[in-house]
Amino acid sequence: MRLSALLPSLLSCALIVTCGASASASAPARAGTVLPTGTVRPSGALSPGGAVREAARRAPACGAPYLVERELPNGARWRLCWEMRVIEGLTLTGVAYTPPRGRPIPVLRSTALAQIHVPYDSGEPRFHDIGALGENAVTLASADCPGGERRERFVCVTTRSRGHGYLKSLPGEPNLSALGHELVVYAAFQIGWYTYLVEWAFSDDGAITPRVGATGSLAGFATGPEYGWSTGTGDTHVEQSHTHNIFWRLDFDVDGPKHDVVEQYDFPGSGTARRTLSRTVFTEEAKAVNAPARWWRVVDTESRNADGHPISWEIGDSGSAQYRGPADEAFTRADLYVTQYRACERLASNNPAPRCAGSVDRYVSGQRLTDPVVWVNVSYHHVARDEDADPMPTHWQGFRITPRDAMAENPR
Amino acid sequence: MAWGRIVVALAGAGVAALAGSLLLLSGEQGSQAARSPLRTPSPADPLTDEEIDRVGEIASATLRARMTNGRVELLYIERGDDKAAGERRRADAYIYDYAANRFIVRTVDLAEGRVVAEREGRGTQPPPSRLEEERAAELLLADRVHGGRIRAAYARTAGRPLRSASDLGLRALIYTPRPASRGAEACSDHRCVRLLVRLPDGTWPDTTRTVVDLSAKKILTLTGR
Ligand SMILES: [Cu+2]
């Protein structure tokens, strides 16, 4: 569920100004870039080019213990490489999904955290927790990686149930149902009093759930009652409220490195009898904000599923508290950014690269998108409570990336 | 772990002994012994220990030629991930020049064995290295007022006096002055950190108004918002 009802369903003004797409949410999509959904190309273009197939078949770009290749009970497979980078910490590359009985479909070239920004409600302090994340990885015990394997002490690779994949009652017959599973890759990082669990779950139906769990301890900073909540014994300590603004950088390579386009979908008319589908194609770098029912997708304009529909992965369901910071924190003023790939643009703020823009809002500079990188910002406002006593229960924040027409049917 | 910590100290007087000052500090979380140095890495594998050592040597060798005065420090080495380089093994050496307050990133191509790109600038600060974190703690503890406060808090919770910075849990984060904050204006140009300090009882005294200016080797106190 999105927590975006507070904002009217407008495109951000930044989007209107900087994005080459139609400015109005209800305007028709710009023609030419993307074929309308359902358009079937001549048969020669139905399947991806030989080069893409070849790449998918090729040996993985990494070796043990950095290669993760796992088949889930329904026959779906995920393949990826992991790396513990000094600055970004756990980084996943070459992520590809193979549906049951299908061919491998590349999804992401790379993904990693791009910032954990923690402003406290009284105005200070305001931390940028990345950070040499990789140097602060927590050694995982076997109990910290249940049923899985630890890779180089810091990374857990495991499989877990995700509840029902589907359940359908059939009159006079047994129910048609199956439990779903997901591959999970995670590491933990100790940043001051907080322990951050940084996790990606890869589901047997092709979905990816990146999320971060904050646990460990509260800061313990006392503040006035207007900025916090009384915790601990009695009413002697008011713990200061704060926000965790977490950014992910996602370099999509949907079905290969080329032909990726980012689209935004809106459904104007909410509250009336009808809702119409409205598509905005981002032809230039863009900033976008959450809105009710809004979602985005990264679509490969050339490849098709067996049904002739363009293959894409959808981004949404962040449940973000939509923090909007002061002028010197302009990078917090959108929920999703789309930028043209530039090697030096790695973090959403405090970008550690000389002669490069310093934050994601500045990466949006009107360039045409031929190789889009997506940045997702999910915020959580943490008002402490008595239950947050040591060890503080994990609070999670994240979003969902789901296949849309990557397969022609339920990949069960 | 995929990195080593290599520190090159290029003090004016120490240039002659430079080869000897290439110091490899093993990280407290390093597990490099577990990896065979002879394995040929695949393109997306993390850097091997051998590669990290070579990148450190290559990046600092050219530093030696160009910078003979001032304090230059190699912070850490990160695998290069630029798409334009294809599957070539490359690495970025993160370097800070304390004399000029310049941040330098040198890209080393491992097959070519040389620096293939260099970017430098002022005002951009990469995350502090472990060595800088330790140095910040030593500066803080040496300060009569701020260090005294930490020592007193330590003695209170541990029941014995603090011996060294290694008794504390440390986390340094880059501090960049905000428009309305006062007391640390120098940090818009200098390399400054906030230091979070964990005491033996697991508490963190509020050190958020204290800033360690690593460039000036000074402790600063923040006022205002
Ligand atoms: Cu919190």
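What you see is a predicted model; the values in this text were computed from it and never measured.

So, on to the coordination of the copper ion. Residues and elements named next belong to chain A. Around the copper ion, the protein contributes the donor atoms Y194 (OH), H242 (NE2), H244 (NE2) and H382 (ND1), which lie 1.9 to 2.1 Å from the metal centre. Its four donor atoms give the copper ion angles of 85 to 143° at the centre, a pattern that matches the irregular case. The sequence pattern describing where the donors of the copper ion fall on their chain is Y-x47-H-x1-H-x137-H. Within this pair, whereas H244 is found in strand β13 (residues 242–252), its partner H382 is found in strand β20 (residues 372–382), the two being separated by 138 residues in sequence. Given a relative accessible area of 0%, H244 falls into the buried group. Judged by relative accessible area, which is 1%, H382 ranks as buried.

Once that is clear, we can look at the packing of helix α3 (residues 130–142) of chain B against helix α4 (residues 144–158) of chain B. Residue and element names in this part refer to chain B. Close contact between α3 and α4 brings their axes to 5 Å; oriented N to C, the two are set at 100°. By the angle between their directions, the pair α3 and α4 is classed as roughly perpendicular. Along the contact surface, α3 presents L140, L141 and A142, while α4 presents R144, H146, G147, I150 and R151. Classifying every residue of the contact of α3 with α4 gives four nonpolar, two polar and two charged.

On average, residues of chain B score 83 in pLDDT, and 79% of them are at 70 or above. Within the model, the stretch residues 1–37 of chain B combines pLDDT values under 50 with 91 contacts to residues more than four positions away or in other chains.

A word on the interface of chain B and chain A. Listed as interface residues are 44 residues of chain B and, on the opposing side, 54 residues of chain A. In total, about 4,500 Å² of surface goes out of reach between chain B and chain A, with carbon and sulfur atoms giving 51% of it. The interface formed by chain B and chain A includes eight salt bridges. Here D251 of chain A and K83 of chain B are joined by a salt bridge, their closest N and O atoms 2.9 Å apart. Put simply, chain B and chain A have 19 residue pairs in polar contact (both at pLDDT 80 or more) between them. Of all the secondary-structure elements, those providing two or more residues to the side of chain B that touches chain A are β3 (72–79), β5 (102–109), β6 (114–121), β7 (169–174) and β9 (192–198) of chain B. Looking at the side of chain B that touches chain A element by element, the count peaks at four residues for β3 of chain B. Of the residues belonging to the side of chain B that touches chain A, the class tally is 18 nonpolar, seven polar and 19 charged.

Moving on: the domain arrangement of chain B. All names here are of chain B. Domain boundaries in chain B define domain 1 (3–122) and domain 2 (130–224). With 11 residues of domain 1 at the interface, the matching set in domain 2 holds 10 residues. Linking domain 1 with domain 2 are two salt bridges, by the criterion used here. Viewed at the interface, domain 2 and domain 1 are joined by five residue pairs in polar contact (both at pLDDT 80 or more). Elements with a contribution of two residues or more to the side of domain 1 that touches domain 2: β1 (5–7) and β3. Of the residues belonging to the side of domain 1 that touches domain 2, the class tally is five nonpolar, one polar and five charged.

Attention now goes to α4 of chain B. All names here are of chain B. End to end, α4 covers 20 Å across 15 residues, agreeing with the expected 21 Å (1.5 Å per residue, within 8%). Within α4, the full set of buried residues consists of H146, G147, I150, A153 and Y154. Viewed end-on, α4 has its buried residues packed into an arc of 125°, placing them on one side of the element. Along α4, the residues that are exposed and aim more than 90 degrees away from the buried face are R144, V145 and R156. Those residues of α4 hidden inside the fold are in contact with α3, β9, β10 (210–213) and β11 (218–221). One side-chain oxygen of the residue at the start of α4 lies 3.2 Å from the amide nitrogen of V145, identifying that residue as D143. G159, located one to two residues past α4, shows a positive phi value of around 75°.

What follows deals with the state of the cysteines. Residue and element names in this part refer to chain A. Here the structure, examined in full by the defined rule, presents four disulfides over all chains. Through a disulfide, C62 is tied to C81; the S-S separation comes to 2.1 Å. On the sign convention where negative is left-handed, the bridge of C62 and C81, at about -90° about the S-S bond, is left-handed. With C62 in the loop between α2 (50–57) and β1 (67–71) and C81 in strand β2 (residues 77–85), the pair connects residues that are 19 residues apart, well separated along the chain. Note on C62: relative accessible area 3%, which makes it buried. Disulfide pairing places C344 opposite C356 at an S-S distance of 2.0 Å. Its torsion about the S-S bond being 75°, the disulfide of C344 and C356 is classed as right-handed. Pair noted here: C344 is in the loop between β19 (336–340) and α3 (360–363) and C356 is in the loop between β19 and α3, with a separation of 12 residues, a long-range link. Since its relative accessible area comes to 15%, C356 is described here as buried. Sequence-ordered numbering of the bonded cysteines in chain A gives a disulfide pattern of 1-2, 3-4, 5-6.

Take the sheet that holds β10 of chain B next. Residues and elements named next belong to chain B. Overall, antiparallel pairing links the four strands, which are arranged β7-β9-β10-β11 in an open sheet. Bordering the open sheet on either side are β7 and β11, each of which pairs with just one other strand. Taken over all neighbouring pairs, the strand axes of this sheet differ in orientation by 35° on average, direction set aside. Where β7 and β9 come together, six bridges link them in antiparallel fashion. Note on β9: the bridge partner recorded for G169 is R198.

This part covers the pairing of strand β4 (residues 105–119) of chain A. The two faces of a sheet get side chains in turn, since along a regular strand they alternate between them. Residues and elements named next belong to chain A. For β4, a buried count of 14 out of 15 residues is recorded, marking the element as mostly surrounded by other parts of the structure. Where strand β3 (residues 89–98) and β4 come together, six bridges link them in antiparallel fashion. Residue pairing in the sheet places L92 in a bridge with T111 of β4. Counted between consecutive antiparallel strands, the loop separating β3 from β4 contains six residues, among which R101 sits at a positive phi close to 65°. As paired strands, β4 and β13 are joined by eight bridges and run antiparallel to one another. By the bridge assignment for β13, S110 is matched with D251. Pairing of β4 with strand β5 (residues 126–128), which is carried by three bridges, proceeds in the antiparallel orientation. Within β5, the residue paired with V118 across the bridge is F127.

Rules used throughout
- Residues numbered from 1 in each chain as written.
- Chains lettered and ligands numbered in written order.
- Predicted model: local features only at pLDDT ≥ 70, side-chain atom pairs only at ≥ 80, totals over all residues.
- Heavy atoms only, no water.
- Donors = N, O, S within 2.8 Å, 3.2 Å for Na, K, Ca; no water.
- Tetrahedral: all angles 85-135°; square planar, octahedral: opposite > 155°, others 65-115°.
- Helix = DSSP H or I, 4+ residues; strand = E, 2+ residues; numbered from the N terminus.
- Buried < 20%, exposed > 50% of the residue type's maximum accessible area, 1.4 Å probe, protein only.
- Axes fitted to C-alpha atoms, helices over the stretch in contact; angles between N-to-C directions.
- Parallel < 35°, antiparallel > 145°, perpendicular 65-115°, else oblique.
- Contact = heavy atoms within 4.5 Å.
- Nonpolar A, V, L, I, M, F, W, Y, C, P; charged D, E, K, R; others polar.
- pLDDT = per-residue confidence, 0-100.
- Buried area = accessible area lost by both parts, 1.4 Å probe.
- Salt bridge = Lys/Arg side-chain N within 4 Å of Asp/Glu carboxyl O.
- Polar contact = N/O pair within 3.5 Å; in protein donor to acceptor, adjacent residues only side chain to side chain.
- Domains from an automatic or database assignment.
- Expected span 1.5 Å × (residues − 1).
- Arc of directions from axis to C-beta.
- Disulfide = S-S within 2.5 Å.
- Pairing = 2+ DSSP bridges.

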